[in-house]
Amino acid sequence: MSCDVFALANAGVRGLQPYQPGKPIEELQRELGLSDVVKLASNENPLGPSPLALVAAERALKQLHLYPDASGFELKKKLAAKLGVTELQFTLGNGSNDVLDLIARAFLGPDCSAVFSQHAFIVYPIAVQAVGARAIVTPAKNWGHDLDAMAAAIEVDTRVVFIANPNNPTGNYLNQNELTAFLAKVPDHVMVVLDEAYIEFAGADDFPDGLDFLKTYPNMIVTRTFSKAYGLAGLRIGYGISTPETADLLNRVRAPFNVSVPALAAAVAVLDDVDYLQRSQQVNRDGMQQICRGLEALGLAYIPSLGNFVAFELSSDAMPIYQALLREGVIVRPIGVYQMPRHLRVSIGLEHENQRFLAALKKVLSV
Ligand SMILES: *Cc1c(COP(=O)(O)O)cnc(C)c1O
């Protein structure tokens, strides 16, 4: 029997392009026979995991035969106390990526549209397309979200607006005043998703805390993650904060055991590791300065970033430079899929890793 499975898939899925992750270290080692590889491609925490998280996750492994606590009771209690909200306002996800998908499933479908910006995080178009909704992509302004254009692009069938603050891969941000003015313009048939995956790194005085808006705008969902500043990307855990009513809707489409036993345990533990978070922030501040100075010395323009990465611009197509860096054992991220073919994104690493990257870049640019 032959069967055209492609024709059987729903229309949204048929039009999807799979997400392209950063190149794994082992893959480059296999391909080029290199042993000493530096990966600065996926905005991972260069410190390695928090020691407290590691102990908690190891202890949790003794419970591997049991389903996790589907309610995430302990984690929600701790987050609620820390953030000044209630337990009922949380939706836990297998990474915050999962929460973005839950939002699409709960609020979007074939007869709806979602608005997001050009160069915005690529999970938004994927999540929207997967549920058969229409994407309305607004042109960027200076590589960032043009909030006036986004407000103007909202249509009667629009149900979700996605905003990344700061945005990945560009690193730029929307300040308190810009976001305040935008939210006042959004009609109440639209959910505003504020993706704050990098908020712990965003050290600008006028950087807004999305939770402050939640009191005024019940049509808001803030998403955050343990993957970046908290260094748990491999365990997959993130969360949404919204009104209890919105959280109730999201939890209806959530797989009951979407967050694993070790992930829950490690997340609870890492919230107590104040030292780890501070070191993450310090290493990122120092490394950002080191890399930006290095790029300037090479005469390369970059987009000032509040994340743990920075996008820099080459004089022509970035792929040959990306490939040449690979041959030097340095993995960065090409961002042609973000309509930025002349840019590369480099994640901030430890001092010696940043140095390796800058030296390799200098070498490949001079040949
Ligand atoms: C990394 C990232 C996320 C979330 O990643 P998870 O590991 O799924 O929590 C969300 N949004 C942006 C903009 C990111 O860069």
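This one's a predicted model, so the numbers in the text were calculated from it and none came from an experiment.

The rules behind these values
Residues numbered from 1 in each chain as written. Predicted model: local features only at pLDDT ≥ 70, side-chain atom pairs only at ≥ 80, totals over all residues. Heavy atoms only, no water. Helix = DSSP H or I, 4+ residues; strand = E, 2+ residues; numbered from the N terminus. Rg over C-alpha atoms; globule rule 2.2 N^0.38 Å. Contact = heavy atoms within 4.5 Å. Areas by Shrake-Rupley, 256 points an atom, 1.4 Å probe, with all protein chains shown as cover. Lys, Arg positive; Asp, Glu negative; His and termini not counted. Charge placed at Lys NZ, Arg CZ, Asp CG, Glu CD. Buried < 20%, exposed > 50% of the residue type's maximum accessible area, 1.4 Å probe, protein only. Arc of directions from axis to C-beta. Polar contact = N/O pair within 3.5 Å; in protein donor to acceptor, adjacent residues only side chain to side chain. Pairing = 2+ DSSP bridges. Domains from an automatic or database assignment. Buried area = accessible area lost by both parts, 1.4 Å probe. Nonpolar A, V, L, I, M, F, W, Y, C, P; charged D, E, K, R; others polar. Core = buried A, V, L, I, M, F, W, Y, C linked by side-chain atoms within 4.5 Å. Near = heavy atom within 4 Å.

Draft legend 1. Expanded view of the overall build of the protein chain. Of regular secondary structure, the protein chain possesses 15 helices and 13 strands. What you see for the protein chain is a C-alpha radius of gyration of 21 Å, in line with the 21 Å of a compact globule of 367 residues. Dimensions of the protein chain, computed from C-alpha atoms along their principal axes, come out at roughly 65 × 55 × 50 Å. A separation of at least 24 residues holds for 74% of the contacts in the protein chain among residues at least 6 apart in sequence. Summed over its atoms, the accessible surface of the protein chain is roughly 16700 Å², and 55% of this surface lies on carbon and sulfur atoms. Treating the 31 positive side-chain charges of the protein chain as one cloud and the 38 negative ones as another, the clouds have centres 3 Å apart.

Draft legend 2. Region of the structure containing helix α9 (residues 176–185). Taken together, the buried positions of α9 are occupied by Leu 179, Phe 182 and Leu 183. Mapping the buried residues of α9 onto a view down its axis gives an arc of 95°, with all of them on the same face. Opposite the buried face of α9, by more than 90 degrees, sit the exposed residues Asn 177 and Ala 184. If you follow the buried residues of α9, they end up packed against α8 (147–153), β5 (158–164), β6 (191–195), α10 (210–214) and β7 (220–225). Where α9 begins, one side-chain oxygen reaches toward the backbone nitrogen of Asn 177, 3.1 Å away; that side chain belongs to Asn 175.

Draft legend 3. Up close: the side chain of Ser 227. Within the secondary structure, Ser 227 is located in the loop between β7 and β8 (238–241). A distance of 3.5 Å separates the side chain of Ser 227 from the side chain of Arg 236, its partner in a polar contact. If sequence neighbours within four positions are ignored, Ser 227 has contacts with Leu 232, Ala 233, Arg 236 and Ile 237.

Draft legend 4. Just the sheet that holds strand β13 (residues 343–347), in detail. Taking strand neighbours across the sheet as the criterion, the four strands line up as β9-β10-β13-β12 in an open arrangement whose pairing is antiparallel. Of all strands in the sheet, those bounded by a partner on one side alone are β9 (301–302) and β12 (333–334). Looking at chain direction, β9 and strand β10 (residues 309–313) are connected through two bridges and run antiparallel. For Ala 301, the partnering residue across the bridge sits in β10 and is Glu 313.

Draft legend 5. Inspection of the domain arrangement of the protein chain at higher detail. Domain assignment breaks the protein chain into domain 1 (7–48 + 274–366) and domain 2 (51–270). Its C-alpha centre places domain 1 at a distance of 24 Å from the equivalent point of domain 2. Across the contact, 31 residues belong to domain 1 and 31 residues belong to domain 2. Both faces considered, domain 1 and domain 2 share a buried interface measuring about 2500 Å² in area, 66% of it formed by carbon and sulfur atoms. Viewed at the interface, domain 2 and domain 1 are joined by 11 residue pairs in polar contact (both at pLDDT 80 or more). Looking at the side of domain 1 that touches domain 2, the elements that each hand over two or more residues are α2 (11–14), α13 (274–297), β10 and β13. Take the side of domain 1 that touches domain 2: its biggest share by element is six residues, from α13. For the side of domain 1 that touches domain 2, the class distribution of residues is 15 nonpolar, 14 polar and two charged.

Draft legend 6. Broad picture of the nonpolar core. Leu 75, Ile 163, Phe 182, Met 220, Phe 226, Ile 237 and Ile 241 are the most contacted members of the largest nonpolar core, which totals 53 residues. At six residues, helix α12 (residues 261–270) tops the list of elements feeding residues into this core. A domain split of this core shows at least three residues from each of domain 1 (7–48 + 274–366) and domain 2 (51–270). Residues in contact with Ile 241, not counting those within four places in the same chain, are Leu 83, Val 85, Gln 89, Phe 90, Leu 211, Leu 214, Met 220, Ile 221, Val 222 and Arg 224.

Draft legend 7. Spatial organisation of the site of the ligand. Taken together, Gly 95, Ser 96, Asn 97, Phe 121, Asn 168, Asp 195, Ala 197, Tyr 198, Thr 225, Ser 227, Lys 228 and Arg 236 make up the full set of residues near the ligand. Here an oxygen atom of the ligand sits 3.0 Å away from a polar atom, N or O, in the main chain of Asn 97. Notes on the ligand: free accessible area 390 Å², of which the protein chains cover 93%. Here the shell around the ligand is composed, by residue class, of three nonpolar, six polar and three charged.

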